[in-house]
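Listed here are the chains, written in short residue letters.
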Amino acid sequence: MRKIYIFDTTLRDGEQSPGVNLNMQEKVEIALQLEKLGVDRIEAGFPAASPGDLAGVNAVARAVKNASIIGLARSREQDIDAVHEALKGAQDPCIHLFLATSPIHRKHKLRMEKEQVLATAEAAIRYAKKYFDKIEFSPEDAGRTELDFLCEVTAMAIRAGATVVNIPDTVGYLNPSEFGNIFKTLKENVVGIEKIQLSAHCHDDLGMATANALAAVLNGADQIEGTINGIGERAGNTSLEEVVMALETRQDFFQAKSSLVLGEIARTSRLVSKLTGMVVPGNKAIVGANAFAHESGIHQDGMLKEKTTYEIMSPETIGLKDSKLVLGKHSGRHAFREKLVDMGYDMNDELLNATFAKFKDLADKKKNVTDEDIRALIEEKLIET
Ligand code: KIV
Ligand code: ZN
């Protein structure tokens, strides 16, 4: 089975979510949990952005022993020096350099011709080489870059000494077949491509970040970048837990998997949500509160007979206790009876039917019927009889 490397950027791209600001201790706490989760690489921040970010990256670099620690840098000497400073003490340091390559960014942001972009990126990679063995280079906005120019940029990065070339769909513009085709084209056309790892970095502006990352895997990507809970700029980044569980659940299809400790997924998600203040939507795949909850009678009946009827993965795999059967107006007698048994009530059919009728009346008025509500219904019924 081919291994897919997991590059976590919760502490860098994730922290770029509007309103999120992690202090040094919080960064270290998340990094140590990511280490337990078994991610291969942790992008800890952008040291040139502020002295606080440099200190945060350094604290992570010194605390984490079992993952490569990465600092982001623009293709400028001062940024590279800042990453060098920040990664002192790291067991396995790596620099992540980027420079935009798309026509829109070249014209409006960089005001550079293609030749200047190539020369600037090459000079930065060669400068970084004096400090680092591991260098990742990202052609920012690769998703909107001409394919032939992207091949040229990738070939240049390999010649200059990059060890990973990352393809960012910076604005979440592409669809899976277009994004997959970039990887196929690079693999088929760039001289020396077998010497480096190819990586995918997607954003979720059109809700396609996970699908695009998986399309990259199908077309030969070695590494997926993303964040826990999919947090990040605008609509966010690829959700790592989604990619990892898709690979795990559909190994038959992808023939590739990560080496993550899956049982740490739920804990990591909760920690990131707590420290960033970014609430996970209930219906979020894998880690949302409803991802393993069943409300309708038909589904609950199926679940009580055999869990695989309505669950393609088990909650225990990601470190949760169990699936939830939520009682509401769509629930049936089978789930209701199970609930009563769970709560320690042993009722004859007549009492059960009478209580079930009362429950349905209540469920019509109330979204979620709690254990307290059910207890009250039973007490009321017992008093009547
Ligand atoms: O989305 C992006 O282009 C980035 C780069 C810095 C890799 O985050
Ligand atoms: Zn990004």
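Residues numbered from 1 in each chain as written. Chains lettered and ligands numbered in written order. Predicted model: local features only at pLDDT ≥ 70, side-chain atom pairs only at ≥ 80, totals over all residues.

Novice: Can you tell me about the UniProt feature "domain: Pyruvate carboxyltransferase" (unreviewed entry) in the protein chain, naming the residues and giving the values?
Specialist: The positions UniProt marks with the feature "domain: Pyruvate carboxyltransferase" (unreviewed entry) are residues 4-266. Its end C-alpha atoms 20 Å apart, residues 4-266 is made of 44% helix and 18% strand. (UniProt positions renumbered as here; feature names shortened; annotations may be inferred. Helix = DSSP H or I, 4+ residues; strand = E, 2+ residues; numbered from the N terminus.)

Novice: Explain the pairing of strand 9 (residues 223-226) to me, and be specific about the residues and the numbers.
Specialist: The alternating pattern of strand 9 places Gln223 and Glu225 and Ile224 and Gly226 on opposite faces, both of which are buried. Alignment of strand 2 (residues 5-8) against strand 9, held across four bridges, turns out to be parallel. Opposite Tyr5, over in strand 9, you have Gln223 as the bridge partner. Judged from the three bridges that link them, strand 8 (residues 197-202) and strand 9 form a sheet pairing that is parallel. Bridge pairing in strand 9 places His201 opposite Glu225. Regarding the hand of the β-α-β motif, the stretch spanning strand 8, helix 8 (residues 209-218) and strand 9 is right-handed. (Buried ≥ 20, exposed ≤ 12 C-beta atoms within 10 Å, placed from the backbone. Pairing = 2+ DSSP bridges. Right-handed = clockwise from strand over helix to strand, strands pointing away.)

Novice: So what's going on with the packing of helix 1 (residues 24-37) against helix 2 (residues 51-63)? Residues and values would help.
Specialist: The geometry of helix 1 relative to helix 2 is characterised by a closest axis approach of 9 Å and an angle of 35° between their N-to-C directions. Crossing hand, helix 1 versus helix 2: right-handed. Between helix 1 and helix 2, the contacting residues are Met24, Lys27, Val28, Ala31 and Leu32 on the first element and Ala55, Gly56, Ala59, Val60 and Ala63 on the second. The residue makeup of the contact of helix 1 with helix 2, split by class, is eight nonpolar, one polar and one charged. (Axes fitted to C-alpha atoms, helices over the stretch in contact; angles between N-to-C directions. Left-handed = near helix turned anticlockwise from the far one by under 90°. Contact = placed C-beta atoms within 7 Å. Nonpolar A, V, L, I, M, F, W, Y, C, P; charged D, E, K, R; others polar.)

Novice: Run through the site of ligand 1, naming residues and quoting values.
Specialist: With respect to spatial proximity, the complete set of residues near ligand 1 consists of Asp13, Phe98, Ser138, Glu140, Pro168, Thr170, His201 and His203. Within the shell around ligand 1, the residues separate by chemical class into two nonpolar, four polar and two charged. (Near = placed C-beta within 6 Å.)

Novice: Can you explain helix 9 (residues 240-249)? Please cite residues and give values.
Specialist: Most of helix 9 is tucked away: eight of the ten residues are buried. Each element contacted by the buried residues of helix 9 is listed here: strand 2, helix 8, strand 9, helix 10 (251-254), strand 10 (256-257) and helix 11 (265-276).

Novice: Which residues make up the sheet that holds strand 4 (residues 68-74), and what values do they have?
Specialist: The strand order around the closed barrel formed by eight strands is 2-3-4-5-6-7-8-9, and the pairing between neighbours is parallel. Averaged over all pairs of adjacent strands, the angle between their axes in this sheet comes to 25°, without regard to strand direction. Bridge count between strand 6 (residues 135-140) and strand 7 (residues 164-169): two bridges; the pairing is parallel. Within strand 7, the position partnered with Glu136 by the bridge is Val164. Here helix 3 (residues 77-86) sits on the sheet in contact with strand 4 and strand 5 (93-100), set at roughly 160° to strand 4.

Novice: Please give an account of the packing of helix 5 (residues 114-129) against helix 6 (residues 147-160) that cites residues and values.
Specialist: Following both chains from N to C, one finds helix 5 and helix 6 inclined at 25°, their axes separated by 9 Å at the closest point. Between helix 5 and helix 6, the crossing angle belongs to the class labelled roughly parallel. Handedness of the crossing formed by helix 5 with helix 6: right-handed. Facing helix 5, whose interface residues are Lys114, Leu118, Ala121, Glu122, Ile125 and Arg126, helix 6 presents Phe149, Glu152, Val153, Met156, Ala157 and Ala160. Residues of the contact of helix 5 with helix 6, tallied by class, amount to eight nonpolar, no polar and four charged. (Parallel < 35°, antiparallel > 145°, perpendicular 65-115°, else oblique.)

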